[in-house]
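Now for the letters of each chain:
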Amino acid sequence: MQQIINFLIRNKHSLLFLLLLFISLVFTIQSHSYHRSKFVSSTNFISGGVYGWQHSISDYFKLKNENTRLLEENERLYNQLSAFGVDSVSKKHIDTLRYTVPYTFTKARVIKNDYSKIDNYILINKGEKDSIKPDMGVITDKGIIGIIENTSKHYSRVISILNSNSRINAGLKKSNQYGSLVWNGEDPNIVQLETIPRQAILKEGDTIITHGRSTIFPRGIGIGTILNYKLNQNKNYYLIDVKLFNDMTNIGFVYTIKNNNAEEIKSLEKSEYE
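Structural notes, computed from the coordinates. All values derive from a computational prediction rather than experimental measurement.

Structural notes on the overall build of the protein
Next, step 1: Looking only at helices and strands, the protein features four helices and 12 strands.
Next, step 2: Here the protein holds 274 residues, and the buried ones make up 33% of them.
Next, step 3: Accessible area of the protein: about 17,700 Å², with a carbon and sulfur share of 55%.

Side note on the pairing of strand 8 (residues 190–197)
Next, step 1: Bridge analysis of strand 7 (residues 178–182) against strand 8 gives three bridges, and the strand direction is antiparallel. Bridging from a neighbouring strand, V182 pairs with Q192 of strand 8.
Next, step 2: Across six bridges, the pairing between strand 8 and strand 11 (residues 237–244) is antiparallel. The partner of V191 across the bridge, within strand 11, is V242.

Here we look at the environment of I240
Next, step 1: Mapped onto the elements, I240 comes out in strand 11.
Next, step 2: With residues up to four places along the chain from it excluded, the contact list for I240 reads V191, Q192, L193, I196, L202, I226, N228 and Y229.

Notes on the sheet that holds strand 5 (residues 156–163)
Next, step 1: On the basis of which strands lie adjacent, the closed barrel formed by six strands has the order 1-2-5-4-3-12 and antiparallel pairing. Looking at each pair of strands side by side, their axes are set apart by 45° on average, direction ignored.
Next, step 2: Relative to strand 12 (residues 253–259), strand 1 (residues 103–113) runs antiparallel, the two being bridged by seven bridges. Bridge pairing in strand 12 links T104 to K258.

Let's talk about the sheet that holds strand 7
Next, step 1: An order of 6-7-8-11-10-9 is seen for the six strands of this closed barrel, with the pairing classed as antiparallel. Neighbour to neighbour, the strand axes of the sheet diverge by 40° on average, direction disregarded.
Next, step 2: Pairing of strand 6 (residues 168–172) with strand 9 (residues 207–210), which is carried by three bridges, proceeds in the antiparallel orientation. Paired with L172 across the strands is I208, a residue of strand 9.

Examining the packing of aromatic side chains
Next, step 1: Overall, the coordinates contain one aromatic pair when judged by the stated rule.
Next, step 2: For the ring pair Y229 and Y238, a centre distance of 5.6 Å and an interplane angle of 85° mean the geometry is edge-to-face.
Next, step 3: In this structure Y229 comes out as partly exposed when scored by relative accessible area, which is 34%.
Next, step 4: By relative accessible area, which is 14% here, Y238 ends up buried.
Next, step 5: For R157, the ring lying beneath its charged end belongs to Y121, and the centroid distance is 3.8 Å.

Notes on the pattern of salt bridges
Next, step 1: Applying the stated criterion across every chain, the model contains four salt bridges.
Next, step 2: One salt bridge in this structure joins D114 and K117, with 3.7 Å as the shortest N-O distance.
Next, step 3: Look at K117 and you get partly exposed, because its relative accessible area is 44%.
Next, step 4: As a salt-bridge pair, K129 and D130 come within 3.5 Å of each other at their nearest N and O atoms.

Describing the side chain of H211
Next, step 1: In this fold, H211 is placed in the loop between strand 9 and strand 10 (222–231).
Next, step 2: Other than its neighbours up to four places away in sequence, H211 contacts N169, A170, G171, L172, S175, N176, Q177, Y178 and R219.

Structural notes on unusual backbone geometry
Next, step 1: The phi dihedral of T195 falls on the positive side, at around 60°, and the residue is not glycine.
Next, step 2: Relative to the helices and strands, T195 resides in strand 8.
Next, step 3: Since its relative accessible area comes to 37%, T195 is described here as partly exposed.
Next, step 4: At K235, a position not held by glycine, the phi torsion is positive, near 60°.
Next, step 5: Structurally, K235 is set in the loop between strand 10 and strand 11.

Topic: the environment of K173
Next, step 1: Relative to the assigned elements, K173 resides in the loop between strand 6 and strand 7.
Next, step 2: Sequence separation between K173 and H211 is 38 residues, and the spatial gap between their C-alpha atoms is 8.3 Å.
Next, step 3: Not counting the four nearest positions on each side in its chain, K173 is found in contact with T207, I209 and R219.

A short note on the side chain of N246
Next, step 1: Structurally, N246 can be placed in the loop between strand 11 and strand 12.
Next, step 2: Taking the relative accessible area as the measure of exposure, N246 reaches 7% and is therefore buried.
Next, step 3: One polar contact links the side chain of N246 to the main-chain carbonyl oxygen of G143, over a distance of 3.1 Å.
Next, step 4: Here the side chain of N246 touches I144 through a polar contact of 3.3 Å, landing on its backbone oxygen.
Next, step 5: In contact with N246, not counting residues within four places along its chain, are T140, K142, G143, I144, I145 and N189.

Rules behind the numbers
Counting restarts for each chain, with residues numbered from 1 along the sequence as it is written. Totals for whole chains, interfaces and linings use every residue, but because this is a predicted model, local features are given only for residues with pLDDT of at least 70 and side-chain atom pairs only at 80 or more, for both listing and counting. Computation of side-chain values: all heavy atoms of the structure, hydrogens and water removed. Put simply, DSSP marks the helices as runs of H or I at least four residues long and the strands as runs of E at least two long, and each gets a number from the N terminus on. Three exposure classes are used, based on accessible area relative to the maximum for each residue type with a 1.4 Å probe and protein chains only: buried under 20%, partly exposed in between, and exposed over 50%. In these tables, accessible area is a Shrake-Rupley quantity obtained with a 1.4 Å probe, and a residue counts as shielded only by the protein chains included in the view. Strand pairing is assigned whenever DSSP identifies at least 2 bridges connecting the two strands. Here a residue-residue contact requires only that any non-hydrogen atoms of the pair lie within 4.5 Å. Here an angle of 0 to 180 degrees is reported between the N-to-C directions of two axes, which are lines fitted to C-alpha atoms, with helices fitted over the stretch in contact. Pairing of aromatic side chains here covers Phe, Tyr and the six-membered ring of Trp, requires ring centres within 6.5 Å, and sorts the geometry by plane angle: under 30 degrees stacked, over 60 edge-to-face, intermediate tilted. A ring has a charge above it when a Lys NZ or an Arg CZ is no more than 6 Å from the ring centre and no more than 35 degrees off the ring normal. Only one rule defines a salt bridge in this text: a Lys or Arg side-chain nitrogen within 4 Å of an Asp or Glu carboxyl oxygen. Between N or O atoms, a polar contact is any pair within 3.5 Å; within protein, one atom must be a potential hydrogen donor and the other a potential acceptor, and residues adjacent in sequence are included only when both atoms are from side chains.

Shown next, in the form of structure tokens:
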């Protein structure tokens, strides 16, 4: 207590000045509308900055919940488009009277992602318990990621498109010409499209998509754009470098694709060879 008293005695002139300054400011603000409006504006600016900073911090901690909500919303929209017979990429209607709901989409989180090897794999946190099976496609909202190779009860291993054993039917968005999507093991952001016939009309920047020639991916899922191209040694087919839409080094969440007509299609294809 004595220290407080000593402090007040030592600084009595400064404290008296501050008190008188505060009183004068109060009287000035109360008696002059201009000064009052400036004070209110300044107060709003400061409080607004504080609340904005507080809101930004709050939003940051809400990002996880917001991302989860958006993923669930995307999953629901994909399934609704499929249920209504709409291609989720081309937005064209298909004949739902002839087919059941074509595809079912399930969201999953990537818990391991390889991209620096020759044969890369991705591990996701959904498995047999979630009706995930081998040969189901895996995509993000930007494009394809790979194909389910095997599953356990709670997890699945995905053959990444950055894998020397990966072969996916893909082709030009603007035509029906298609080939095989492969990877040469070099750049994780660039894959190769082989066996596009020389009759195809190409230009850099053209979009490459899945062509729906298998039971894994529907037609129209994005892959990337043509970076460059050249004819092979026999001059019969193009070799095309494709710049991926996805950043394969930074994948957080994905969607698996179940083709609900796959077994019927495979059964019919098998009967053709018996």
